Amino acid sequence: MPELRPISRSALRIRAGKWAYTTKRYLEWTFGRIKFAKNRQAASLKHEIASHRTPLLRKLANTDMQLQHNKIINLSVAVPRLDGIVLRPGETLSYWRMIGNPTRRKGYVDGMVLFCGQVRTGVGGGLCQLSNLIYWMTLHTELTVTERHRHSYDVFPDASRTQPFGSGATCAYNYRDLRVTNDTTYTYRLQLRLDGEYLHGSWQCDHPSRYRYEVKERDHRITSEPWGGYARHNRLYRDVYALNGEWIREEEITENHALMMYSPLLHD
């Protein structure tokens, strides 16, 4: 199990580290050998493989609801950059390469960001809702998640959670990316949209789905750490079924460990 004790770093160390990681990604985008998806098409593909939706507004403890409304603005800027992207065999979708750097000049505003377990404001805040949605849908397809970063902190108590803990994908431009690779022989298309209440998404394909997937968790537990805090852990798996309902196999997805920023003994 990894060491979860909070680490204090100076502002200079944080800036230097961010510059190094960001520069490394720019070099990879320019000189690397990954074949990134870049083409978009308006027409839908025939078969919907996986779909999901998440509410745009959620009341979170001790947070300004205006940041939730600002998040919707940020999502409305980012979604068109990814909507309709086509993922052909051998291609990789890079979340940040498609969206680009979220800046005010592009229309992004201050939203909620999580930094070392603290709630802060930052330009483009709230885009993790989009990466979470894409990651969750991808787990229900034959596509391969080739890069995903877990949330290091569990900031808010569960509130109407419908998915297992740790089933999201955090993002930070551009070194904490979400990447999805198409190792199949079929073409996929990502469709995204917002309405007044939800963020909607789906993966479409030019070939019907061959399998059905169910994501589940195991070994969920909360531990009291020696330094005085609490941590939350689990493992995610998925069951693969044939379309006739026959179970085929179980696949391990990931292992999650996060520092809890609230007391697990609190009651609603």
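Residues numbered from 1 in each chain as written. Predicted model: local features only at pLDDT ≥ 70, side-chain atom pairs only at ≥ 80, totals over all residues. Heavy atoms only, no water.

A. Just a positive patch on the surface, in detail. Where like charges cluster on the molecular surface, the positive patch consists of Arg40, Arg81, Arg105 and Lys106. Take Arg40: it is sitting in the loop between α1 (11–31) and β1 (47–55). (Patch = residues over 30% accessible without salt bridge, like charges linked within 9 Å, V, L, I, M, F, W, Y side chains within 5 Å. Areas by Shrake-Rupley, 256 points an atom, 1.4 Å probe, with all protein chains shown as cover. Salt bridge = Lys/Arg side-chain N within 4 Å of Asp/Glu carboxyl O. Lys, Arg positive; Asp, Glu negative; His and termini not counted. Charge placed at Lys NZ, Arg CZ, Asp CG, Glu CD. Helix = DSSP H or I, 4+ residues; strand = E, 2+ residues; numbered from the N terminus.)

B. Molecular detail of the packing of helix α2 (residues 65–82) against helix α4 (residues 128–138). In contact at an axis separation of 9 Å, α2 and α4 are set at 50° when each is read in the N-to-C sense. Between α2 and α4, the angle falls in the class oblique. Residues Lys71, Leu75, Ala78, Val79 and Leu82 of α2 pack against Gln129, Leu130 and Ile134 of α4. (Axes fitted to C-alpha atoms, helices over the stretch in contact; angles between N-to-C directions. Parallel < 35°, antiparallel > 145°, perpendicular 65-115°, else oblique. Contact = heavy atoms within 4.5 Å.)

C. Representation of α1 within the structure. Compared with an ideal rise of 1.5 Å per residue, which puts 21 residues at 30 Å, α1 spans 30 Å between its outermost C-alpha atoms and is within 8% of the ideal. Taken residue by residue, α1 has Gly17, Thr22, Arg25 and Trp29 as its buried positions. Projection of α1 onto a plane perpendicular to its axis shows the buried side chains occupying an angular sector of 125°, all on one side. Along α1, the residues that are exposed and aim more than 90 degrees away from the buried face are Leu12, Trp19, Lys24, Thr30 and Phe31. Its buried side turned inward, α1 meets β3 (92–94), α3 (95–99), β6 (144–147) and β8 (179–181). (Expected span 1.5 Å × (residues − 1). Buried < 20%, exposed > 50% of the residue type's maximum accessible area, 1.4 Å probe, protein only. Arc of directions from axis to C-beta.)

D. Local environment of the sheet that holds β6. Pairing is antiparallel in the open sheet, where three strands are placed in the order β3-β8-β6. Looking along the sheet, the strands with just one partner apiece sit at the ends: β3 and β6. Across this sheet, the average inter-strand angle for adjacent strands is 30°, counted without regard to direction. As paired strands, β3 and β8 are joined by three bridges and run antiparallel to one another. Bridge pairing links Thr92 to Thr181 in β8. (Pairing = 2+ DSSP bridges.)

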